[in-house]
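The chain contents come next:
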Amino acid sequence: MTRRQRRLTLIGGSLAVLAVAVALVLNAMRDSIVFFSTPSAVAEKHITAGRRFRLGGLVERGSLVHGDNLAVTFKVGDGTATLPVAYKGILPDLFREGQGVVAEGALDPSGVFRADIVLAKHDETYMPKDVADALKKQGHWKDDYGAKPDYGKTAGAARAAQGVPLVQGASQ
Amino acid sequence: MIAEAGHYALVLALALALIQSTVPVLGARWRDPALMNVARSTALAQLLFVAASFAALVTLHVTSDFSVVNVFENSHSLKPMIYKITGVWGNHEGSMLLWVLILALFGGLVAAFGNNLPLSLRAHVLAVQAWIASAFYLFILITSNPFLRIANPPLEGRDLNPVLQDIGLAVHPPMLYLGYVGFSISFSFAVAALLEGRIDAAWARWVRPWTLLAWIFLTLGIAMGSYWAYYELGWGGWWFWDPVENASLMPWLAGTALLHSAVVMEKRNALKVWTILLSILTFSLSLLGTFLVRSGVLTSVHAFATDPTRGVFILLILCVFIGGSLTLYAWRASALKQGGLFAPISREGALVLNNLFLTTACATVFIGTLYPLALEVVTGDKISVGAPFFNLTFAPLFLPLMIAVPFGPLLAWKRGDLLGAAQRLVAAGIAALIAIAVLWAWTRGGSAFAPLAIGLAVFVIAGALTDLAERTGLFRMPLTTALRRARGLPRSSWGTVFAHAGVGVALIGIVCETTWNSEYIGTMKPNDIAHIAGYELKLDGLTQRGGPNYREMVAQFTVSLDGKRLSDMTPSKRSFTTRQSTTTEAALLTRGASQLYISLGDTAADGAIAVRIYHKPMVLLIWFGPVLMAFGGLLSLSDRRLRVGAPKPADVPRGLQAAE
């Protein structure tokens, strides 16, 4: 083979692999991406039952009810609307009423959000970014959620630095 | 006093870095050896001052000096000593200081052991190192000073995030940073080569050991982080495709590609321009990782609210270095001479294939990690890209790579014989088929995926061993001859065998754990028994006890198998009063490579406690594989041909192989 033919083989091979990769990415993008929503957005948009999305907001105070066999229900609100959430499993260590939460799952026909993953914020100075942004947008952001001590520096949940992943409760 | 000294040392390091950024470059331009040699002294002095600064911060943490903001926010006088030390880098400011310490360490190593480098190349490499260092010193001094004081010192600190109070923090971040930052050396070499407009096989021989060193640490760092997450977070997951993890995986993939392309460049003087590009990309991805983690920009439960000045500053550093180096590349790469010729079916061709798949896989991770961010900036929509995306993109790209791995080392340079390689892999193929058949029968026709994937892993491991057998002439020669040949085999060949086998071992662990993991999630009262995977776990009782800076509730479990008592397991739940948070300490029982795993949930009013019990078959192989890979890397690094300073050997390696 001449240098030119060899080079063409290389380029052809590379393009083939890249094309496969692009196809894979586009296919995965269609099927496996999950949108984020807040209770008021759910109320406005009428998301169809069974479509997976992430729900973010604050756990309403006094709404957490423990049922049998690790079943729990609670309400997630964003100041405008609330949405009942049902989950079965162990809640993360940092799950608390009145604090931020992100749940992943889908609505059932009765309008209850069936979560199979619950993520909680993981220290007292941190709120999930989605939740904070959504609350800010709606004007329900209270300064003390992201309160910074007055000497100017934030106390970080430094675990992020160390590559230890999210605090999570997952049920199968 | 100590805080001020530490701060001052850092300012001096910045001054030294600024000198090192400019003087050696001018020296190289004017061909003045004295000016070029300045780089050596400044690099060593820089290391000294950054080390002093770091030592100052450690001292402040150890002595619990709460008049320093960083200590106040992340320490507590009752915290055990080990966590007082590791807490130094368990926060933003301290971890950035560790970052520059490691950067200075690598710069110092090049200065100390780079005596055989051409003078101007060394001057350029150290100057580029100093550019990076200056940017990060400025970043620390302007936005993240760890030595700030509080006017009215409090009496007690706010303690370290309890999740971080673990031995994992002592090992994982330093390892990961040694990897991340270690790639700065190959970056500096690449930029220096572009500046000089000259690159040859000797260049690759200098770069390879540094890349290998960084790669070894990054491999171990990622594996360690994964194991830490597995036992600390309490639900048994070991990889989450979280942006922060992806941030460390991307440089690893690019770095692995770089290791392989550097081999081609060293041995065959080909793929030069590509190797330079990979060096730049690998460190750029490390910088990107630093940006993603440090700026809190990603939609990640990891991300913590930081003020945007930091994010913008790192973004600026990112743009300048990545943009600058790529521009330089576009401008100068054409000046580099073309490399040698090779046929598509050859060792070089196989290594190109490896590079192609690794970089493409890296690109899919890149897209999955940054697409949500880009979409949010452009449209305002928030999405999350999780495990399903990566399973659908990353995994299919890795499969053909795995099939190709055993072929690579069996192909000859320049022009290989694919059929011959395939014939020699017949034994490995048969081993894989037997594994598939046995597993298929054993799982009674369950999912076909697991037996096939394990068969592939067996093929990779057996392929690595085939390579070894071919090189030593095992089964074809008398055993003594084979042993003598095995001793004479270059250590880098042994390294290849171990590293490739490690990939297969990790794959077996991953497939077994994800396919045959069994779990029990429920509530238990004392004397209740849970059954899982043939084991009986009896909850004997719950007790409270106090630790140095926490209270914990401990559950005693007795584990038995077939009615015989095996062991006790004591998972616990700790509450840290200072931070008002709790952590779950999982209990692990190792049986061979498999593990039993118990973690606790909440206690109900009637005294029942929620528990999660997992049986994870072969789970330890997931981390044993990377350890094997790193060990292979270490063997290869110890090869004298690779050691910096070793003279170029005569062309003997082929003579060690079986005559074909």
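Scoring rules and cut-offs
Residues numbered from 1 in each chain as written. Chains lettered and ligands numbered in written order. Predicted model: local features only at pLDDT ≥ 70, side-chain atom pairs only at ≥ 80, totals over all residues. Helix = DSSP H or I, 4+ residues; strand = E, 2+ residues; numbered from the N terminus. Rg over C-alpha atoms; globule rule 2.2 N^0.38 Å. Contact = placed C-beta atoms within 7 Å. Buried ≥ 20, exposed ≤ 12 C-beta atoms within 10 Å, placed from the backbone. Pairing = 2+ DSSP bridges. Axes fitted to C-alpha atoms, helices over the stretch in contact; angles between N-to-C directions. Core = buried A, V, L, I, M, F, W, Y, C linked by C-beta atoms within 7 Å. Domains from an automatic or database assignment. Nonpolar A, V, L, I, M, F, W, Y, C, P; charged D, E, K, R; others polar. pLDDT = per-residue confidence, 0-100. Expected span 1.5 Å × (residues − 1). Parallel < 35°, antiparallel > 145°, perpendicular 65-115°, else oblique. Left-handed = near helix turned anticlockwise from the far one by under 90°.

Q: Which residues make up the overall build of chain B, and what values do they have?
A: Counting its secondary structure elements, chain B contains 19 helices and 11 strands. Against the 2.2 N^0.38 benchmark of 26 Å for 660 residues, chain B shows a C-alpha radius of gyration of 27 Å, consistent with a compact globule. For chain B, the spread of C-alpha atoms along the principal axes amounts to about 80 × 70 × 55 Å. Here the analysis covers contacts within chain B between residues at least 6 apart in sequence; of these, 74% occur between residues at least 24 apart.

Q: If you had to explain the overall build of chain A to someone new, which residues and values would you point to?
A: Each helix and strand counted, chain A has four helices and eight strands in total. Residue burial in chain A is summarised as follows: out of 172 residues, 42% are buried. Taking the contacts inside chain A whose residues are at least 6 apart along the sequence as the reference set, 56% of them involve residues at least 24 apart.

Q: Go over the sheet that holds strand β9 (residues 587-591) of chain B, please, and point to the residues and values.
A: Residue and element names in this part refer to chain B. Taken in spatial order, the four strands make up an open sheet running β2-β11-β10-β9, and their pairing is antiparallel. Only two strands of the sheet have a single partner each, and these edge strands are β2 (518-524) and β9. Between one strand axis and the next, the sheet turns by 15 degrees as a mean value, whatever way the strands run.

Q: Account for the environment of Gly-546 of chain B, with residues named and values stated.
A: Its location among the elements puts Gly-546 of chain B in strand β4 (residues 535-546). In this structure, the C-alpha to C-alpha distance between Gly-546 of chain B and Ser-575 of chain B, residues 29 residues apart in sequence, is 9.7 Å.

Q: Explain the nonpolar core to me, using residue names and the numbers behind them.
A: Counting 191 residues, the largest nonpolar core has Val-100, Leu-103 and Phe-136 of chain B as its most contacted members. The greatest single-element share of this core, amounting to 19 residues, is contributed by helix α8 (residues 201-232) of chain B. Non-local contacts of Leu-103 of chain B, meaning those with residues more than four positions away in its chain, are made with Ile-132, Ala-133, Phe-136, Val-181 and Ser-184 of chain B. By size, the runner-up hydrophobic cluster in this structure holds 45 residues, among which are Val-85, Tyr-87 and Leu-119 of chain A together with Ala-587 of chain B.

Q: Outline the domain arrangement of chain B, listing residues and values.
A: Residues and elements named next belong to chain B. Here chain B is partitioned into domain 1 (1-165), domain 2 (169-338 + 349-375), domain 3 (405-516 + 621-644) and domain 4 (518-616). Computed over C-alpha atoms only, the centres of domain 1 and domain 4 are separated by 42 Å. The interface of domain 1 with domain 4 comprises nine residues on the first partner and eight residues on the second. Of the residues belonging to the side of domain 1 that touches domain 4, the class tally is four nonpolar, two polar and three charged.

Q: Outline unusual backbone geometry, supporting the account with residue identities and numerical values.
A: All names here are of chain B. For Lys-414, which is not glycine, the phi dihedral falls at a positive 70 degrees. Within the secondary structure, Lys-414 is located in the loop between α13 (387-404) and α14 (418-424). In the Ramachandran plot, Met-618 falls in the positive-phi region, its phi being about 60 degrees despite a non-glycine side chain. Mapped onto the secondary structure, Met-618 falls in the loop between β11 (609-616) and α19 (621-638).

Q: Talk me through the confidence of the model for chain A; I want residue IDs and the actual numbers.
A: Residues and elements named next belong to chain A. When pLDDT is averaged along chain A, the result is 73, and 69% of the positions lie at 70 or above. Averaged pLDDT values for the elements of chain A fall to 35 in helix α4 (residues 159-162) and rise to 92 in strand β5 (residues 82-88). Scored below 50 in pLDDT, residues 122-126 makes 16 contacts in the model with residues more than four places away or belonging to other chains. Note on residues 141-172: pLDDT is under 50 here. Beyond four places in sequence and across chains, it has 99 contacts.

Q: Which residues make up the pairing of strand β6 (residues 564-569) of chain B, and what values do they have?
A: Note on strand geometry: in a regular strand, side chains alternate between the two faces of the sheet. Among the six residues of β6 of chain B, zero are classified as buried, and the element is accordingly described as predominantly exposed. The hairpin formed by strand β5 (residues 551-561) of chain B and β6 of chain B contains two residues between the paired strands, and Asp-562 of chain B there has a positive phi angle of roughly 55 degrees.

Q: Describe in detail the confidence of the model for chain B, supporting the description with residues and values.
A: All names here are of chain B. Across chain B, the average pLDDT comes to 88, with 94% of residues at or above 70. The low-confidence segment residues 299-306, where pLDDT is below 50, has 39 contacts with residues more than four positions distant or belonging to other chains. Every residue in residues 645-660 scores below 50 in pLDDT, and together they form 12 contacts with partners more than four places removed in sequence or on other chains. Model confidence for the complex is summarised by a pTM of 0.89, with the ipTM given as 0.78.

Q: Before we move on, can you summarise helix α1 (residues 2-30) of chain B with the specific residues and values?
A: For α1 of chain B, with 29 residues, the first-to-last C-alpha span of 42 Å sits near the 42 Å given by 1.5 Å per residue. The first or second residue beyond α1 of chain B is Arg-31 of chain B, which carries a positive phi of 55 degrees.

Q: Which residues make up the packing of helix α7 (residues 168-196) of chain B against helix α10 (residues 272-295) of chain B, and what are the values?
A: Packed helices, taken two at a time, are described by their axes: the angle between them and the distance between them. Residues and elements named next belong to chain B. The N-to-C vectors of α7 and α10 enclose an angle of 140 degrees; their axes lie 8 Å apart at closest approach. Classified by the angle between their axes, α7 and α10 sit oblique to one another. Two packed elements cross with a definite hand, and for α7 against α10 that hand is left-handed. Contacts from Tyr-180, Phe-183, Ser-184, Ser-186, Phe-187, Phe-189, Ala-190, Ala-193 and Leu-194 of α7 reach α10 at Ile-276, Ser-279, Ile-280, Thr-282, Phe-283, Ser-286, Gly-289 and Thr-290. Across the contact of α7 with α10, the residue classes tally to 10 nonpolar, seven polar and no charged.

Q: For the packing of helix α15 (residues 426-442) of chain B against helix α16 (residues 449-472) of chain B, give the residues involved together with the corresponding values.
A: All names here are of chain B. Contact geometry of α15 with α16 gives a least axis separation of 8 Å together with a crossing angle of 155 degrees. When the interaxial angle is binned, α15 and α16 end up roughly antiparallel. By crossing handedness, the relation of α15 to α16 is classed as right-handed. Side by side, α15 and α16 meet where Ala-427, Ala-428, Gly-429, Ala-431, Ala-432, Leu-433, Ala-435, Ile-436, Leu-439 and Trp-440 of the first sit next to Ala-450, Pro-451, Leu-452, Ile-454, Gly-455, Leu-456, Val-458, Phe-459, Ala-462, Gly-463 and Thr-466 of the second. Classifying every residue of the contact of α15 with α16 gives 17 nonpolar, four polar and no charged.

Q: Pulling in residues and values, what's your account of the environment of Leu-58 of chain A?
A: All names here are of chain A. Looking at the secondary structure, you find Leu-58 in strand β2 (residues 52-59). When the 23 C-beta atoms within 10 Å are taken as the criterion, Leu-58 is described as buried. Through-space distance from the C-alpha of Leu-58 to that of Gly-77 is 5.3 Å; in sequence the pair is 19 residues apart. Excluding its chain neighbours within four sequence positions, the residues that come into contact with Leu-58 are Val-76, Gly-77, Asp-78, Gly-98, Gln-99 and Gly-100.

Q: Could you give me a rundown of the environment of Gly-563 of chain B, with the residues and numbers involved?
A: Secondary-structure assignment places Gly-563 of chain B in the loop between β5 and β6. The sequence separation of Gly-563 of chain B and Tyr-535 of chain B amounts to 28 residues, and the corresponding C-alpha distance is 8.9 Å.

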